[in-house]
Every structure is written in C-alpha cells, then in structure tokens.
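Per-entry structural report
If you want the building blocks of each chain, they are given just below.
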Amino acid sequence: MITISLLIMTYGFINFKKSFFLFLIFQLVWFRDAQLLALPGAPSINLDLVVCGYYCILFFWKQRRYASAVIDFPLKRPMTVIGLSMLLTSMTAVTGSVGELFRACGNICTDLLILVIMWEMIETKEDFIFLFKGITLVIFCTCLYGIFTYFTHQNSVVDYKFGLTRNPLKVYGDTIRGYRMQSVFEHPIAAAMDWSIYITFVMHAIIRYNERLPYRWLVFLTWVIALPCIILTKMRTGIFFLMISILPLFDIRKRKAFIAVLLSMGIAFAGLPYLLSQQTIYKDLLISFFDKTAAARGMGSSLFMRIDQVKAVAGLMKMSPLTGLGEKFGEVISNEYTIRALGYESLWFEQMSRHGLFGIIAYLILIYYTCIKLPRKFHSVSLCSISTAFWSTYTLTSLPYVNTYLLYLVMFYFIKRSGIYNRVREKMRRDKF
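Residues numbered from 1 in each chain as written. Predicted model: local features only at pLDDT ≥ 70, side-chain atom pairs only at ≥ 80, totals over all residues. Heavy atoms only, no water.

1. Here's the deal with empty space enclosed by the protein
Tallying each qualifying case throughout the model produces three cavities of 30 Å³ or more. Its volume calculated, the largest cavity comes out at about 150 Å³. Lining the largest cavity, in full, are F128, L131, F132, I135, I197, Y198, F201, L406, L409, V410 and Y413. Of all the secondary-structure elements, those providing two or more residues to the lining of the largest cavity are α7 (125–152), α9 (188–207) and α21 (404–416). Here the lining of the largest cavity is composed, by residue class, of eleven nonpolar, no polar and no charged. For the second largest cavity, the calculated volume is near 60 Å³. The wall of the second largest cavity is formed by L24, L28, M118, I135, N403, Y405, L406 and L409. (1 Å grid on protein atoms, 1.4 Å probe; cavity = no way out; pocket = protein on both sides within 12 Å on 5 of 7 lines; lining within 4 Å. Points joined across faces, edges and corners; volume = space filled by probe spheres on them. Helix = DSSP H or I, 4+ residues; strand = E, 2+ residues; numbered from the N terminus. Nonpolar A, V, L, I, M, F, W, Y, C, P; charged D, E, K, R; others polar.)

2. What about the packing of aromatic side chains?
Applying the stated rule across the entire model yields 31 aromatic pairs. Geometrically, the ring pair formed by F20 and Y55 is edge-to-face, given 5.5 Å between the ring centres and 70° between the ring planes. With F20 in helix α2 (residues 16–26) and Y55 in helix α3 (residues 47–61), this residue pair connects regions lying 35 residues apart in the sequence. Each member of the pair, F20 together with Y55, is buried. Aromatic side chains F128 and Y413 sit 5.4 Å apart centroid to centroid with 80° between the ring planes, which places their arrangement in the edge-to-face category. Placement of F128 in helix α7 and of Y413 in helix α21 is noted, with a sequence separation of 285 residues between them. Y413 shares its class with F128; the two are buried. Grouped by ring-pair contacts, the aromatic residues F13, F16, F20, F23, Y54, Y55, Y66 and Y405 constitute a single cluster. Note that K18 overlies the ring of F130, its terminal NZ or CZ placed 5.0 Å from the centroid. The ring of W119 carries K416 above its face, with NZ or CZ at 4.3 Å from the centroid. (Phe/Tyr/Trp six-rings, centres within 6.5 Å; stacked < 30°, edge-to-face > 60°. Buried < 20%, exposed > 50% of the residue type's maximum accessible area, 1.4 Å probe, protein only. Lys NZ or Arg CZ within 6 Å of the ring centre and 35° of its normal.)

3. Let's talk about a nonpolar patch on the surface
Together, I2, L6, L36 and V50 make up a nonpolar patch on the protein surface, roughly 310 Å² of accessible area in all. Relative to the assigned elements, L6 resides in helix α1 (residues 2–11). (Patch = residues over 30% accessible without salt bridge, like charges linked within 9 Å, V, L, I, M, F, W, Y side chains within 5 Å. Areas by Shrake-Rupley, 256 points an atom, 1.4 Å probe, with all protein chains shown as cover. Salt bridge = Lys/Arg side-chain N within 4 Å of Asp/Glu carboxyl O.)

4. Re α1
For α1, the set of buried residues is S5, I8 and M9. Taken end-on, α1 shows its buried residues confined to a sector of 100°, consistent with a single buried face. Facing away from the buried side of α1, by more than 90 degrees, are the exposed residues T3, L6 and L7. Of the surrounding elements, those touching the buried residues of α1 are α2 and α3. (Arc of directions from axis to C-beta. Contact = heavy atoms within 4.5 Å.)

5. Topic: the environment of I244
Positionally, I244 belongs in helix α11 (residues 236–245). The sequence separation of I244 and T393 amounts to 149 residues, and the corresponding C-alpha distance is 9.3 Å. Discounting chain neighbours no more than four positions away, the residues touching I244 are S385, A389 and S392.

6. Focus: the pattern of salt bridges
Scanning all chains against the criterion turns up nine salt bridges. A salt bridge links E100 to R103; the nearest nitrogen and oxygen atoms lie 3.4 Å apart. Here R103 and E100 lie together in helix α6 (residues 97–121), a separation of three residues that amounts to about one turn. Across the pair, exposure class does not vary: E100 and R103 are buried alike.

7. Here we look at a positive patch on the surface
A cluster of basic residues, K76, R77, K373 and K377, forms a positive patch at the surface. If you list the elements that add at least two residues to the positive patch, you get α5 (76–92) and α19 (356–377). Here K76 is to be found in helix α5. (Lys, Arg positive; Asp, Glu negative; His and termini not counted. Charge placed at Lys NZ, Arg CZ, Asp CG, Glu CD.)

So, in structure tokens, the structure goes:
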C-alpha cells in the first residue's frame, strides 16, 4: 500500500493531473489510517496526511497551471467555517492544544483542501470519464472480493490493514446477524455506502442526464452485483441512503426508469430464497429502530437507544459547549456519559461532543449549501437528492471510513453537468477569443 502510494506520488512529477486522479481512484481501497510514524505522547503521522499534503503543496505552488474551473469553489464558505471550528476546538481540547492543533491542520488538509483541488482539476468530460472508468473497475473488483469473503469467511486484505494502525479494526464475522460482507473496506457501512453512491451516480447519469457511460456492460454488471452486496452487509445504512438518493428517478413513464425498476425487481426475486432463509435477521434489521426486542436480537440501534445517547452527549457538551472537547477526548475522559454515548452514532453526536456549538453551526451551513442553495442555483434535483440522502443517513448513524471523496466527486459532476455551469464556461470561452 505504501509502495503504491509512493509510485503514484512520483508519477505526479511527470503528470500531476493523472497522478491526482489515480490517487482519487486508489482512495476507494487504500487505508487512510495507515501509520507511518507514531511517537509516544504525540499525534501519529499517517499515510493519508503525507499524500494529501504532497498534492496540496504541488497544487497551490503551481495553482494557475493546474486550476481550470470556471466558477470559484462553491463550498468555500461552509468549508472555511468547518476549518475554523476545528482550529477553535484546538484551543480548548482536553488532550492538549498542540496535539489537537496538529490534528486540525491535518484534517483541514485531508478533508477540505483536497476538495478544492478536486473542484479545480476535474473539469472536462474526459476527466470524469477517466475517473469513472477507474472507479468502475475498482467497485467491480471490490464486489467480487466481497462475495469471495462472504462465502469463505476469510478477509486477508482487512487482516493486512490490522497491522498498519493502532486503531481498532475488525472483520464482522459470525455475529448474531451472521457474517457481514465487508470486502476490502474497513467497515461494512463503508462498503454499503460506497457501493450505494456508485449505484446512485450510475442511475442518475443514465436516467436523468442520458449519459452514454463507457464500459456499459461492465457498468451494468457492477450495478447488478453491487445491489445484493449492499444487502449482504446486513446494515440498514446503505439501503436507506440508496432509497432516498434515487427516489426522484422513479417515474415509470420514462423508459429507462421503468427498466431500472424491472431490473431491481428481478434482482430482488432472484435473491428471494436467500432472504426467506434469513428472514428473521432482516426483519429485525428493518423494525429494530422502533422495537427494543428486535434491536437486542439483531444487535441494532433503536430509537430508545438514540434518545439515551442524546442525553449522554448533551451531558458531555456541557463540559465545553462552544468549542467541544476535541477529537480524542475519549482518551482522557471516561464517565457515565461516555459509556452511554456508545459509538456517537450520528453526525450531531460527533459535533456536539468534539466541536461543540461551533461545529454544529458549521455543518448546518454545509447542509444548507449542499441541499438547498447549490441545487437551486444550478437547478439540480440530482444534487439535492444525493445530498439529502447523505446528510439524512449521517444524522441517523455514524459513517465510519466512508469515502467522502466519492460523494463530492458525484456532487461536482452534477454541478458541472448543469446548464448554468456550462453557459458560464461557454461565455468565458467566447470572451477569451
């Protein structure tokens, strides 16, 4: 993994743009928490920080050469506020200001500045096609590997990742729900979400934008395989996201939408014998959010559990209401609230405890931009649906190791595919000549 990263970075001196695109494709399967240097009492330096830092330095050093977007980064304001909330947290973090400041700067680099580079460099139809081809091949391979691990209960890739970090990782094996498909990803939720985002993009691109996607048969095969793979993760997260994100597409008066419905029904019918054999597990997954007994049987979250988590996280927030306790507060604080908060399974639980009121406000601004302001500005129903699906899902549960680069890549596609953006591009082209 480290060797592949070094090769891609080295290629950046020859062709920075293609190197960065390969980095984005490789992000689907590589391990962000792979630690390169870990000193006692100091924040660890991981692979993701080094690689992202490398691309940030090269890009901003030669920005005019690489930047090609015709409109300024549309998420500049919400991302700036999120970055400021991280920096403010470093002043009051219970683990110490120096370590928290280092983490804040690292997160700004890996989570925010990389999005600016993506916006500026992914501009033409050829750029999106190159990325889509690579992502399709990777998603297809992860689905095949996921099927292999599901039937063999062996996952050497995740086992390999165990040795790259001090953070706890595990393969979700023979639990009450049975073996959960995880593939190469660090968590079944990450697998389900990445596959769901891919399916969402394919369906919107074909049905709403009438795109003739490359590798059509491979795309179709990947779509067909990915759908049951999401179900085999035995997590509600991916299914919930997918249902909301594709909801605007289901107008059966349109031929492509009607075909998509038939295909989905065909896959469901083909998998019916398996679902019937596992009906107790899947029934508990569906009703456990409102049924304590089902939640206990299926090891799932329930509404009553979430209410208790709200109370616990509110108690933690009172300790530092404005700026939060910091990213790693759990290393030094252990009390009744941290026990009842469980895994802080919501975006808002994370922000309330880690970044306080400022973090909550920052993400409310980002949600407003992605769900309302930008969809209105660019007249994009697709952008609104995928954004609403993601933030609704993140509100109901945590999203460990989900590839947000893939999500924002799809968002940027919807924006740059809009008529408004293309009219601005054409106007600038005419003005240049």
